[in-house]
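Given next are the chains, with one letter for each unit.
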Amino acid sequence: MKEQPKTLLQMNNVTMRFGGVVAVNGVNINLSEGRLAGIIGPNGAGKTTVFNLISGVYDPVEGDIRFRDQVISGKSPSEITHLGIARTFQNIRLFKGLNVFDNVKMATNCRTEYSFMEGVLGLPRVWRQEKESAAEVERYLELVGLLGYENTWPENLAYGLQRKLELARALATKPALLLLDEPAAGLNPTEIRELMDIIRRIHKELDMTILLIEHHMDMVMDICEELWVMNFGKVIANGDPEHIQREPEVLRAYLGS
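Everything in this summary refers to the structure shown in the same document.

Rules behind the numbers
Residues numbered from 1 in each chain as written. Predicted model: local features only at pLDDT ≥ 70, side-chain atom pairs only at ≥ 80, totals over all residues. Heavy atoms only, no water. Helix = DSSP H or I, 4+ residues; strand = E, 2+ residues; numbered from the N terminus. Buried < 20%, exposed > 50% of the residue type's maximum accessible area, 1.4 Å probe, protein only. Contact = heavy atoms within 4.5 Å. Areas by Shrake-Rupley, 256 points an atom, 1.4 Å probe, with all protein chains shown as cover. Salt bridge = Lys/Arg side-chain N within 4 Å of Asp/Glu carboxyl O. Polar contact = N/O pair within 3.5 Å; in protein donor to acceptor, adjacent residues only side chain to side chain. Phe/Tyr/Trp six-rings, centres within 6.5 Å; stacked < 30°, edge-to-face > 60°. Lys NZ or Arg CZ within 6 Å of the ring centre and 35° of its normal. Pairing = 2+ DSSP bridges. Axes fitted to C-alpha atoms, helices over the stretch in contact; angles between N-to-C directions. Parallel < 35°, antiparallel > 145°, perpendicular 65-115°, else oblique. Left-handed = near helix turned anticlockwise from the far one by under 90°. Nonpolar A, V, L, I, M, F, W, Y, C, P; charged D, E, K, R; others polar.

Some words on the overall build of the chain
Secondary structure assignment for the chain yields 10 helices and 10 strands. Split into buried and exposed, the 257 residues of the chain put 48% on the buried side. Contacts in the chain between residues far apart in sequence, at least 24 positions, make up 67% of those at least 6 positions apart. For the chain, the accessible area works out to roughly 12800 Å², and carbon and sulfur atoms hold 49% of it.

Right under this line is the structure:
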């Protein structure tokens, strides 16, 4: 009998309020290891707030969030990154003053094992890890299609390439779970198709669990194995894309009946 995949991420009755506004209302999500899944819904449905809760930007006022059976609610974003969750943002956030290579290299520092003093002394372990990190950076740049841009300043990249750089930087933390917040925002149809291929490749070659938020329905329905649909802070449907497209409540709330 085939072994059932383990649950990687759990949101248990999670609620988030901002003053009198309930942005997320009793959300339950169970994401299994190895899935390529998505969260969809109208603007203001609470999707990005869910990502902010998972990544530690906000603490839920009710409920808890578990990653690999460990409660992560209340932990800082840096702690959550160390545990194995990385994310990208709707608005690109790159390190100015660092070239493409160093933008990605910076993200590997969260996994540095040598001490400050070892770094000062330049001990063999330092050089070995630095060499390994450089090779990893090249691997991630190749994966997203940025080889050859290593010495380019991010601000000189076209918008679509900046999106790829942000993705490579997230991969450099070696996450078990990758959160993509509207990765296709601002991209043209050709760039969206390239992005879809990159996401599929990351999912397959790195055996990475991916959860994305996206408004491009063609993209979501094509690449996602499972979807959660949100409206007014609540999850109103969960299932595979074929099931979701037949749900009357989803059609009324988002896809249009």
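Further notes follow.
Some remarks on the pattern of salt bridges
On inspection of all chains with the given rule, the structure shows 15 salt bridges. With its nearest N and O atoms 2.8 Å apart, the salt bridge here joins Glu62 to Arg17. Placement of Glu62 in strand E4 (residues 62–67) and of Arg17 in strand E1 (residues 7–18) is noted, with a sequence separation of 45 residues between them. The exposure class assigned to Glu62 is partly exposed, which follows from its relative accessible area of 37%. For Arg139, the salt bridge goes to Glu205, with nearest N and O atoms at 3.0 Å. With Arg139 in helix H5 (residues 124–144) and Glu205 in helix H7 (residues 189–205), the pair connects residues that are 66 residues apart, well separated along the chain. Where salt bridges share partners, they join Arg139, Glu142, Arg201 and Glu205 into one cluster.

Concerning helix H3 (residues 100–108)
By the criterion of burial, H3 is predominantly enclosed, with 7 of the 9 residues buried. N-cap assignment for H3: the residue whose side-chain oxygen lies 3.3 Å from the backbone N of Phe101 is Asn99.

What about the packing of aromatic side chains?
Here the structure, examined in full by the defined rule, presents 1 aromatic pair. In this arrangement the basic side chain of Arg169 is found over the ring face of Phe95, its NZ or CZ atom lying 4.5 Å from the centre.

A word on the sheet that holds strand E10 (residues 234–239)
Taken in spatial order, the 6 strands make up an open sheet running E6-E7-E8-E3-E9-E10, and their pairing is mixed. Among the strands making up the open sheet, the edge pair consists of strand E6 (85–87) and E10. Strand-to-strand twist in this sheet, taken as the mean axis angle between neighbours without regard to direction, amounts to 20 degrees. Note: E6 against strand E7 (residues 177–181), 3 bridges, orientation parallel. Directly across from Ile85, in E7, lies its bridge partner Leu177. Here H7 sits on the sheet in contact with strand E3 (36–40), E7 and strand E8 (209–213), set at roughly 155 degrees to E8.

Regarding the packing of H3 against helix H6 (residues 159–171)
Packed helices, taken two at a time, are described by the angle between their axes plus the distance between the axes. At a closest axis distance of 7 Å, the pairing of H3 and H6 adopts a crossing angle of 30 degrees. Comparing the axis directions of H3 and H6 gives the class roughly parallel. By crossing handedness, the relation of H3 to H6 is classed as right-handed. Facing H3, whose interface residues are Val100, Asn103, Val104 and Ala107, H6 presents Leu165, Ala168 and Arg169. In terms of residue class, the contact of H3 with H6 is made up of 5 nonpolar, 1 polar and 1 charged.

A few points about the sheet that holds E1
Taking strand neighbours across the sheet as the criterion, the 4 strands line up as E2-E1-E4-E5 in an open arrangement whose pairing is antiparallel. The sheet is open, and its two borders are formed by strand E2 (21–32) and strand E5 (70–71), each paired with just one other strand. When E1 meets E2, the two strands line up antiparallel, connected through 8 bridges. From the neighbouring strand, Gln10 faces E2, where its bridge partner is Asn30. Running over the sheet, helix H1 (residues 47–54) touches E1, E2 and E4 and is turned about 115 degrees from E1.

No statement about biological role is implied by the geometric values presented.
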